[in-house]
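Here is how the chains run, residue by residue.
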Amino acid sequence: MTLRKKAGADKQNQQIQKLERELEETQRELKAAELINKELEQIYKDGLLSKFQIPKQRKPRGKRKKSFYRVAFGDTHGASLDPKAWSAFAGDLEKLRPRELIHLGDIIDAGGWLAQHQTLGYLAEVETSYADDINAANLMWDSIQAICPDSTIYAIEGNHDMRVEKWCIAQTLRHQLDSRFLFELLAPQNLTFLQKRGIQYFKRDQIYGELRNNSGSIMLGKCAFTHPQRASKHHASKMASDWGCNVVYGHTHRRDYFPASNAHGKDWSAWSPGCLCVTRKYWHHSENFNHNQGYHLQIVQESGDFLGINIPILGGKSYLSDLLGAL
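This report concerns the structure included in the present document. Here the structure is a predicted model, which is why all the values come from computation and not from measurement. (Residues numbered from 1 in each chain as written. Predicted model: local features only at pLDDT ≥ 70, side-chain atom pairs only at ≥ 80, totals over all residues. Heavy atoms only, no water.)

Describing helix 8 (residues 235–243)
Put simply, the test is: For the exposure calls, accessible area comes from a 1.4 Å probe over protein chains only, and a residue counts as buried if that area is under 20% of its type's maximum, exposed if over 50%, partly exposed in between. Every helix listed is a DSSP run of H or I at least four residues long, and every strand listed is a run of E at least two residues long, numbered separately from the N terminus. Here, the arc refers to the directions that run from the helix axis to the C-beta atoms. Should any heavy atoms of two residues lie within 4.5 Å, those residues are considered in contact.
Of the residues making up helix 8, those classed as buried are His235, Ala236, Met239, Ala240 and Trp243. In an axial view of helix 8, the angular spread of the buried residues amounts to 140°, which keeps them on one side of the axis. Away from its buried face, by an angle of more than 90 degrees, helix 8 presents the exposed residues Ser241 and Asp242. Buried residues along helix 8 sit in contact with strand 6 (223–226), strand 7 (247–249), strand 8 (255–261) and strand 9 (267–273). Note on helix 8: the residue one or two positions beyond its end, glycine 244, has a positive phi of about 70°.

In structure tokens:
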């Protein structure tokens, strides 16, 4: 081999050795990078797990606090009470035996001569009398107290119940003493013996408890109950917006529900259970009135927290049995 060829071979060998060393270095760097990537991936996974771990199921501490039933119903309208709807409701009361019962207003109808409306489309109810209203209301309270003798009962004054007082004021030309005397003789709460029955009655124009801006309303636990001053097409949404707390209301005769919440994580809802009177047009006689029959049921914890459900009554049939049967 000539010197020139030998020098060329040595140079080529040196280049090969250099490339081999570079390849080994690259391989070592790749392995080191893989180890670093694995470590970083593990650190990332550990970080995710530390932030988003699924909580373990909590074991109940001691005995569970006993819950109870609370029932709200309303708009019975005296002699306009629907016999089939009432029969279904009374049957449910037999099963539930609620601790608390709330009448949401319009215990009587007070139609005819007691209805002083100014709208042209209104037709006064003349099929029944005020005496019929009072008799029907007394029979209703008798029935409730026979089924639920141990229940605490609250009655909220509705706009129809208040008609009597307004009529007395108008007839006595606003003479305070005479109107009060006449009202004491004709007041529905007196003629149905609510005080004697032990039923707490809440006047529409008075403030009770913490509900400073909502007269004629009561707060039981974590829920308010009222007979609102007016109604709208989607009134549950308006009630939830205006009240900012759980509220069950009467007056609209329409079954309705609307849940609400805010950015601070507070949740509340508004419910209207419908009515227990005959579903007919009491006011807007030329419009679609969309009345529903039913009542509102709450399963209440001793803490005041509750599950609220509107129970529909359709064609004289309550759907409470179907609900309980599915549990």
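What about the sheet that holds strand 3 (residues 152–156)?
The condition that has to hold: Note on pairing: two strands pair once DSSP finds at least 2 bridges between them. Axes here mean lines fitted to C-alpha atoms, for a helix over just the part in contact, with angles spanning 0 to 180 degrees between N-to-C directions.
Here we have seven strands laid out as an open sheet, ordered 4-3-2-1-10-11-12, and mixed in their pairing. Two strands lie at the open edges of the sheet, namely strand 4 (200–202) and strand 12 (317–318), each paired on one side alone. With five bridges joining them, strand 1 (residues 68–73) and strand 10 (residues 293–300) adopt antiparallel strand pairing. Bridge pairing in strand 10 places valine 71 opposite leucine 297. Relative to strand 1, helix 2 (residues 83–96) is tilted by about 165°, and along the sheet it contacts strand 1, strand 2 (100–103), strand 10, strand 11 (306–314) and strand 12.

Some points on the pairing of strand 1
To keep it simple, the criterion reads: Note on handedness: a clockwise path from strand one over the helix to strand two, with the strands aimed away from the viewer, defines a right-handed crossover.
By the criterion of burial, strand 1 is predominantly enclosed, with five of the six residues buried. The pairing of strand 1 with strand 2 spans four bridges and is classified as parallel. Looking at strand 2, one finds that valine 71 is bridged to leucine 101. Following the backbone out of strand 1, through helix 2 and into the adjacent parallel strand 2, one traces a crossover that is right-handed.

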